[in-house]
Amino acid sequence: MKLLANNTDWITLDQVKELTGWDERTIRRKQKAGALKSRATGELARNGRPIREYDANSLPAEAREKRLHQALATSSARGPASKSDSKTVLTLSSLSPEAQKQAKERLEIIQPMIEFANTGQEPLWSGPSEQAATLSGIVKHIATAFNIGERTIWNWWNAYKTGGPGALADKARSDRNISRFFDQRKEAAAFATNKFLNERLSITMTHEALVREWERLRMDDSDEPPAYKTTRLFLNGLPPIITAVARDGERAYKEDFAPYLLRDISKVHVNQYWISDHMEHDVFVRNIDLKTGGPVFGELALNAVFRPWLTAIVDMRSRRVVGQVWCVNPSSNTISSALRFGMRHYGLPHTFYIDNGKDYRKLGKRPPELSPDAQGVLVRLGVRSQHCLPRHPQSKQIESFFRTVHKRFDEMWGDAYCGGSVATRPEFCDELVRQHARLLKEGRGDESPLPSASEFIQAAADWMHVFNTTFRHRGQGMAGRTPQQMFDAELPPEKRSPVNPADVAQLFWDRQKRVVSEGGCVQLFNARYQPADADSAAALMLEIKREVLVACDPLNVGEAIALSQDGIFLGHLRAQELLVHGETSAEMIRASMRERRSIFKQLKRYTERLAQSRLASGDRTELEVLAQQAQAVGAPRAQIYALPAPKAMAAAAPRRMHADDIAELYMEGD
């Protein structure tokens, strides 16, 4: 079963009844009203009505949670899905393209048998010498005509009768990429799963621990421990959602597995939403303008090596880049500059999204914010400005564009391309940087093989233009059109209202005033928001009984940001209950977030129960095993080398006395 809300999980009518308790009449009514998503299977029931299947993700939250529990209950620790009921009818639409092709070929071969069984009429090719008056005679003729064994044809016929046309395709092995070894050894399976999930050991270390403890875990004296490959197949077969929750935590769950509400971008208008963010190029350049011979960026020395940053603004509907600025360190100034460019050429957006500053927190710097002057300009122009949610890539469409930049532009720069991390950096790039450093030290920086900042930025600007005009996008609602085609079709140049440069000389927020109550909480859209982290709580506790400005993200739910009356960032807020916003109903949002929390809790409970059961079974953690092994071999005590504190430092730092000691000395002095 797929757990993402934007994926489909098709189930039968009987399964819908079981999960919801609805009768068939209620299901039909909800289907017609659009509250329950369904599709035709192409098959007919006995009463002649088409058989339909239903998307489990369109059911109420309680029913979806029940389906999740069923999936977890029927899945063993290794994670493969339970075998399908042999009576389930398989449709052609439920198969892969390859399986569909195979099933259709076999269906065509046994078509005479189907027609004979349904109508009783002999096939058109039958004649006086043909024994086609029976099903067996038809099978003999098909076997001769197609050179296929009669037994094979009967097998296809039986599969069609019991499982429908989809059953004609070969079934994938249920144990593919999964070892049956652990199916028969539940104790060993639970041991390995606990080591891998809760102790977060590598597959190699998990296998080593399994071999070490095999004397206790094996079924009998002749039972041999599994090979490494068997253990690897077993652990890789665990459900990815359980592995992510146990080994990577809540962030991985939220980003890759948690259900979320997906906005239909095809219903968004051009200039309705602009999204801004910063990106560091994966290319090393040197700070020089080849035309003037001077530096491009004054904050760096001439020919200094660095990776340029890009501050970009993308229109959500058309994916058009409407503003871009290159710099050494992105800031509120680069955001304002890119925004001014976009407004002067493309008009005003309705809502402007700005990055939450996570890249800067990684660098230990204060996240850039729009200046109060810039905020004031946006308010005056009627443009809403809001922050994207931290650690929620679904809410920031621009990150997909940045991945395209890295793959389609940055990688073109040969040896100057440094990759996304030090671990993946090509050795040619390191050699190029070292060569640049040697030449710079010798005073021959102009001979450096690194590209200049001026040529790189010009090439990047040219690439942005080519992207806007020629890149045929296959994303939601784009239908293969380029960003410029999409933008101009809805808002042609003659209908745009560029902003007067004088009106955007400063630059930006649409906010709501709220009084901070106990605990640093605020009330917004009938929901109670509380501080999301310790820093936010500390800042908002000082604002209790004062008014603050609160803004939240309409593309996602459950979080907001608080600002002082002067527009100074105070902290992040998280909704205790879900709010009504935009096109999404309160019940939809509430159900979505309940489901998200419920799924995560169920997965955490699973791993906790696993750890408790293994502890009760006598398992030891790897640290405990290490301590016992060290004690058994008589390992020496660890030696610690520490320089003594300087005498001056020791004298300058007298022993701090407790208040009771001071009082005691005072009494003795009397």
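Residues numbered from 1 in each chain as written. Predicted model: local features only at pLDDT ≥ 70, side-chain atom pairs only at ≥ 80, totals over all residues. Heavy atoms only, no water.

Topic: the overall build of the chain
What counts here: Helix numbering and strand numbering both begin at the N terminus, where a helix is a DSSP run of H or I of at least 4 residues and a strand a DSSP run of E of at least 2. For the accessible areas, the method is Shrake-Rupley and the probe is 1.4 Å, while residue cover comes only from the protein chains on display.
For the chain, the count of helices and strands is 25 helices and 16 strands. Carbon and sulfur atoms provide 51% of the accessible area of the chain, an area that totals close to 36900 Å².

Looking at the side chain of D223
Cut-off, in case you're wondering: Burial classes: relative accessible area under 20% of the type maximum marks a residue as buried, over 50% as exposed, and values in between as partly exposed (1.4 Å probe, protein chains only). Under this definition, polar contacts are N or O atom pairs within 3.5 Å; protein pairs additionally need one hydrogen-donor-capable and one acceptor-capable atom, and for neighbouring residues in sequence, both atoms have to be side-chain atoms. The contact definition used throughout considers only heavy atoms, calling two residues in contact when any of these lie within 4.5 Å.
Turning to its location among the elements, D223 is positioned in the loop between α10 (214-217) and α11 (228-236). Judged by relative accessible area, which is 7%, D223 ranks as buried. Here the side chain of D223 touches M219 through a polar contact of 3.2 Å, landing on its backbone nitrogen. For D223, the contacting residues outside a window of four places in its chain are R185, W214 and R218.

Things to note about the packing of helix α8 (residues 186-197) against helix α9 (residues 203-212)
Just so we agree on the cut-off: In this analysis an axis means a line fitted to C-alpha atoms, helices contributing only their contacting stretch, and an angle means the value between N-to-C directions, from 0 to 180 degrees. Under this scheme an angle from 65 to 115 degrees is roughly perpendicular, one under 35 degrees roughly parallel, and one over 145 degrees roughly antiparallel; angles in between are oblique. By definition, any crossing whose near helix is turned counterclockwise from its far helix by less than a right angle is left-handed, and any crossing with a clockwise turn is right-handed. Residues are grouped as follows: Ala, Val, Leu, Ile, Met, Phe, Trp, Tyr, Cys and Pro are nonpolar; Asp, Glu, Lys and Arg are charged; every other residue, Gly included, is polar.
Closest axis-to-axis distance for the α8/α9 pair is 9 Å, and the angle between their directions is 140°. The angle between α8 and α9 places the two elements in the oblique class. Regarding α8 and α9, the two cross each other, and that crossing is right-handed. Touching A188, F191, A192, K195 and F196 of α8 are I203, T206, A209, L210 and R212, all from α9. When its residues are assigned to classes, the contact of α8 with α9 shows 7 nonpolar, 1 polar and 2 charged.

Remarks on a positive patch on the surface
What counts, and what does not: Residues form patches when they are more than 30% accessible in relative terms and have no salt bridge. Like charges link within 9 Å. Nonpolar side chains (Val, Leu, Ile, Met, Phe, Trp, Tyr) link within 5 Å. In what follows, salt bridge is the name for a side-chain nitrogen of Lys or Arg lying within 4 Å of a carboxyl oxygen of Asp or Glu. In this tally Asp and Glu are treated as negative and Lys and Arg as positive; neither His nor the chain ends contributes. Charge positions come from single atoms, namely NZ of Lys, CZ of Arg, CG of Asp or CD of Glu.
Positive charge collects at one region of the surface, where R597, K601, R605 and R609 lie side by side. Structurally, the position occupied by K601 is in helix α22 (residues 586-616).

Structural notes on the pattern of salt bridges
Considering all chains together, one arrives at 28 salt bridges under this definition. In this structure, E215 engages R218 in a salt bridge whose closest nitrogen and oxygen atoms are separated by 3.0 Å. Residue classification places R218 among the partly exposed positions, given a relative accessible area of 22%. Of the charged contacts in the structure, one is a salt bridge between R434 and E431, with a shortest N-O distance of 3.2 Å.

So, the pairing of strand β4 (residues 273-280)
Note the threshold: When DSSP finds at least two bridges between two strands, those strands are taken to pair.
Extensive coverage of β4 is indicated by the burial of 7 of its 8 residues. Pairing of β4 with strand β9 (residues 351-354), which is carried by 3 bridges, proceeds in the parallel orientation. The partner of I275 across the bridge, within β9, is Y353. Where β4 and strand β7 (residues 309-315) come together, 7 bridges link them in antiparallel fashion. The partner of H278 across the bridge, within β7, is T311.

What about helix α4 (residues 97-109)?
Short version of the rule: Multiplying 1.5 Å by the helix residue count minus one yields the expected span of that helix. Directions pointing from the helix axis toward each C-beta atom define the arc.
Along its 13 residues, α4 runs 19 Å from first to last C-alpha, staying within 8% of the 18 Å computed at 1.5 Å per residue. Along α4, the positions that sit buried rather than exposed are A99, A103, R106, L107 and I109. What you see down the axis of α4 is that its buried residues fit within an arc of 155°, all on one side. Opposite the packed face of α4, turned more than 90 degrees from it, sit the exposed residues P97, E98, K101 and E108.

Observations concerning the environment of T206
Among the structural elements, T206 can be located in helix α9. With 25 residues separating them along the chain, T206 and T231 place their C-alpha atoms 8.2 Å apart. Residues within four places of T206 in sequence aside, it is in contact with A192, K195, F196, L201 and L235.

Here's the deal with unusual backbone geometry
The phi torsion at N147 lies on the positive side, around 55°, for a residue other than glycine. With respect to the element layout, N147 can be found in the loop between α6 (135-146) and α7 (150-163). Positive phi values are uncommon outside glycine, yet N303 reaches one of about 65°. Within the fold, N303 resides in the loop between β5 (285-286) and β6 (305-306).

Let's talk about the packing of aromatic side chains
The geometry of two aromatic rings is summed up by the distance between their centres and the angle between their planes. Applicable threshold: What counts as a ring pair is set by centres within 6.5 Å for rings of Phe, Tyr and Trp (its six-membered ring), and what kind of pair is set by the plane angle: stacked under 30 degrees, edge-to-face over 60, tilted for all other angles.
Under the defined criterion, the tally for this structure stands at 15 aromatic pairs. Between F401 and F402, the aromatic rings sit 5.9 Å apart at their centres with planes inclined by 45°, giving tilted as the arrangement. Judged on exposure class, the residue F401 and its partner F402 are both buried. Plain terms: the ring middles of W463 and F467 are 5.5 Å apart, the flat faces sit at 20° to each other, and that makes the pair stacked.

Examining the confidence of the model for the chain
Operational definition: Predictor confidence is given residue by residue as pLDDT, running from a minimum of 0 to a maximum of 100.
Averaged over all residues, the pLDDT of the chain equals 75, while 71% of them reach at least 70. Predicted confidence is poor over residues 505-510, with pLDDT under 50, and the contacts of this stretch with residues over four places away or in other chains come to 43 contacts. Ignoring residues within four places in sequence, the model shows residues 553-557, a span with pLDDT below 50, making 23 contacts including any to other chains.

Quick word on the environment of T152
Inspection of the secondary structure assignment puts T152 in helix α7. T152 gets classed as partly exposed once you look at its relative accessible area, which sits at 33%. Along the chain, T152 and V139 lie 13 residues apart, while their C-alpha atoms are 9.9 Å from each other.

Topic: the environment of W156
If you trace the backbone, W156 turns up in helix α7. Judged by its relative accessible area of 13%, W156 falls in the buried class. Taking the C-alpha atoms as reference points, W156 and R106, separated by 50 residues in sequence, lie 7.5 Å from one another. Those residues in contact with W156, other than ones at most four positions away along the chain, are R106, I109, I110, I148 and L168.

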